[in-house]
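Observations on the three-dimensional arrangement
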Amino acid sequence: MKENFYGGIGCSEVLESLSDYVDGELSAERRAQIDEHLQHCSNCAHFGMYFQTMVRSAPGSMESDGSFDAGVLERLHQALDSTED
C-alpha cells in the first residue's frame, strides 16, 4: 500500500492508531489529524470503516458462539497483510 500523508500524518500512523481512535482514547489534536487524513485517503477510510464495524460487532459475535466467520477473519488477515507492503 502506498504511504499517503494527509493531516500531517501517514497511513501507517493512522492504522497504528485505529484501535484508540475507535475507542475514543486519542487527544483531540490526534483525532483531528486522523479525521483529516481519513477525509482524503480512501484506502485508510475504507479499512477504517471495516475495522470499526468489526470492533463494534465483535463482542456480540463472540457471545453468540465464541467464533468468527472464517470469511471475516480471512478478509481481516488480507487487509492487515496489505498494509505491510
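Notes on the structure follow. (Residues numbered from 1 in each chain as written. Predicted model: local features only at pLDDT ≥ 70, side-chain atom pairs only at ≥ 80, totals over all residues. Heavy atoms only, no water.)

**Observations regarding the nonpolar core**
Counting 14 residues, the largest nonpolar core has Val14, Leu18, Ile34, Leu38, Cys44 and Phe47 as the members making the most contacts within it. Mapped by element, the contributors of at least two residues to this core are helix H1 (11–23), helix H2 (28–40) and helix H3 (42–65). Per-element tally for this core: the top contributor is H1, with six residues. Ignoring any residue separated from it by four or fewer positions in sequence, one finds Phe47 in contact with Leu15, Leu18, Ala79 and Leu80. (Core = buried A, V, L, I, M, F, W, Y, C linked by side-chain atoms within 4.5 Å. Buried < 20%, exposed > 50% of the residue type's maximum accessible area, 1.4 Å probe, protein only. Helix = DSSP H or I, 4+ residues; strand = E, 2+ residues; numbered from the N terminus. Contact = heavy atoms within 4.5 Å.)

**Quick notes on H1**
Under the 1.5 Å per step criterion, the end-to-end length of H1 is 19 Å for 13 residues, consistent within 8% with the ideal 18 Å. Along H1, the largest kink reaches about 50 degrees and is centred on Ser17. Among all positions of H1, only Cys11, Val14, Leu15, Ser17, Leu18, Tyr21 and Val22 are buried. Downstream of H1 by one or two residues, Gly24 has phi in the positive range, about 70 degrees. (Expected span 1.5 Å × (residues − 1). Bend = angle between axes of the 7 residues up to and from the residue.)

**Some remarks on the packing of H1 against H2**
Where H1 contacts H2, the axes come no closer than 10 Å and their chain directions differ by 120 degrees. By the criterion of interaxial angle, the relationship of H1 to H2 is oblique. For H1 against H2, the interelement crossing comes out left-handed. Listed contacts from H2 to Cys11, Glu13, Val14, Ser17 and Tyr21 of H1 are Arg30, Arg31, Ile34, Asp35, His37 and Leu38. Along the lines of polarity and charge, the residues of the contact of H1 with H2 split into five nonpolar, two polar and four charged. (Axes fitted to C-alpha atoms, helices over the stretch in contact; angles between N-to-C directions. Parallel < 35°, antiparallel > 145°, perpendicular 65-115°, else oblique. Left-handed = near helix turned anticlockwise from the far one by under 90°. Nonpolar A, V, L, I, M, F, W, Y, C, P; charged D, E, K, R; others polar.)

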